[in-house]
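Residue-level listing of the chains:
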Amino acid sequence: MRLGILGSTRGTDMLAIIAAIQQKRLSASIEIVVSNKADAVILERAKTHGLPTKFVNPQGLTRESYDNEISDLLRRNKVELIVLIGYMRILSAAFVADWRNKIINVHPSLLPAFAGGMDQDVHQAVLDAGIKETGCTVHYVTEEVDAGPILVQKRCDVLPDDSIESLRTRVQALEGEALIEAIRSFPAQ
């Protein structure tokens, strides 16, 4: 499976995918890592592992124009599956339609709970809600944010003394494995 990764943040979940590929637990290759942020840590981490990277500057472009550039780049790299890892942009409807059922995202909650939130805000909302269990969800990306069909969910307890950071650490540990499981479930192209 030829993967293209879109990310804007640290890319911690990408490291789990890289490790699974190196350990031969995942039959895949990362063809390109693309970011909308020039200083995104995910780009540095990808370079450290010898992966091709590309910063695509969104400044001055409409969402559609930007997504067209990304789509062209992914096609040139013969990407079969797009993995969103901390990608802080909403994809255009045309991009989603063009890559239907070939884009997955990991969300740090058990969707549909806390849909639409990002990162620390989700973990704070989980703590504020006083729920006993949370986790992560890997889902197909559709035009509606965090509403696509669910592929994999992994669960963990919310502990009485959890902070945002402790909860985030436990959930993030599940995200990599959930992504690997979801990628494995895709048929070879």
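Anything mentioned here points back to the structure above.
What counts as what
- All residue numbers here refer to positions counted from 1 along the written sequence of the relevant chain.
- For this predicted model, a pLDDT threshold of at least 70 governs which residues receive local features, and a threshold of 80 or more governs which side-chain atom pairs are given and counted, while totals over whole chains, interfaces and linings are taken from all residues.
- As a rule here, side-chain values come from all non-hydrogen atoms in the structure, and water together with hydrogens is ignored.
- Whether a residue is buried, partly exposed or exposed follows from its accessible area with a 1.4 Å probe, protein chains only, as a fraction of its type maximum: under 20%, in between, or over 50%, in that order.
- To qualify as a helix, a DSSP run of H or I must reach at least 4 residues; to qualify as a strand, a run of E must reach at least 2; elements of each kind are numbered from the N terminus.
- Taken from the helix axis, the directions to the C-beta atoms give the arc we talk about.
- At least two bridges found by DSSP between two strands is the condition for calling them paired.
- Seen with its strands pointing away from the viewer, a crossover is right-handed if its path from the first strand over the helix to the second goes clockwise.
- Definition of a polar contact: a pair of N or O atoms within 3.5 Å, with one able to donate and the other able to accept a hydrogen when the atoms are protein atoms, and with sequence-neighbouring residues admitted only if both atoms are side-chain atoms.
- Contacts are residue-level and defined by heavy atoms, with any inter-residue pair within 4.5 Å sufficient.
- Note on aromatic pairs: the rings of Phe, Tyr and Trp (six-membered ring only in Trp) are paired at centre separations within 6.5 Å, and the planes decide the class, stacked below 30 degrees, edge-to-face beyond 60, tilted for the rest.
- Working rule: Lys NZ or Arg CZ, within 6 Å of ring centre, within 35 degrees of ring normal, means a charge sits over the ring.

**Student:** Which residues make up helix α5 (residues 119-129), and what values do they have?
**Tutor:** Buried within α5 are the following residues: Val122, His123 and Val126. End-on view of α5: buried residues confined to an arc of 95°, all on one side of the axis. Away from the buried face of α5 by more than 90 degrees, exposed residues Asp121 and Asp128 are located. Positive phi appears at glycine 130, one or two residues downstream of α5, with a value of about 70°.

**Student:** Before we move on, can you summarise the pairing of strand β2 (residues 29-35) with the specific residues and values?
**Tutor:** For β2, the tally of buried residues reaches six of seven residues, placing the bulk of the element in the interior. The pairing of strand β1 (residues 2-7) with β2 spans five bridges and is parallel. Residue glycine 4 lies in a different strand from β2, and its bridge partner there is isoleucine 32. This β-α-β element, β1 to helix α1 (residues 12-22) to β2, shows right-handed connectivity. Relative to strand β3 (residues 53-55), β2 is paired through three bridges, and the arrangement is parallel. Each residue of the ladder has a partner; that of valine 33, found in β3, is threonine 53. For the handedness criterion, the β-α-β arrangement of β2, helix α2 (residues 41-48) and β3 is classed as right-handed.

**Student:** Now, about the side chain of serine 8: what can you tell me, with residues and values included?
**Tutor:** Of note, serine 8 is situated in the loop between β1 and α1. At 2.5 Å, the side chain of serine 8 and the side chain of asparagine 36 are in polar contact. When sequence neighbours within four positions are dropped, the list of residues in contact with serine 8 reads Ser35, Asn36, Lys37, Ala40, Ile85, Gly86, Tyr87 and Met88.

**Student:** Can you tell me about the packing of aromatic side chains, naming the residues and giving the values?
**Tutor:** Under the definition given, this model contains two aromatic pairs. Measuring from centroid to centroid gives 5.8 Å for tyrosine 140 and phenylalanine 186, while their planes differ by 80°, and the two rings are edge-to-face. Note that tyrosine 140 is positioned in strand β6 (residues 133-140) and phenylalanine 186 in the segment after α6 (164-184), a separation of 46 residues in sequence. Residue tyrosine 140 is classed as buried on the basis of its relative accessible area, which comes to 18%. Under the relative-accessibility criterion, phenylalanine 186 is labelled buried at 12%. The ring of tyrosine 66 is capped by arginine 89, whose NZ or CZ atom sits 4.1 Å from the centre of that ring.

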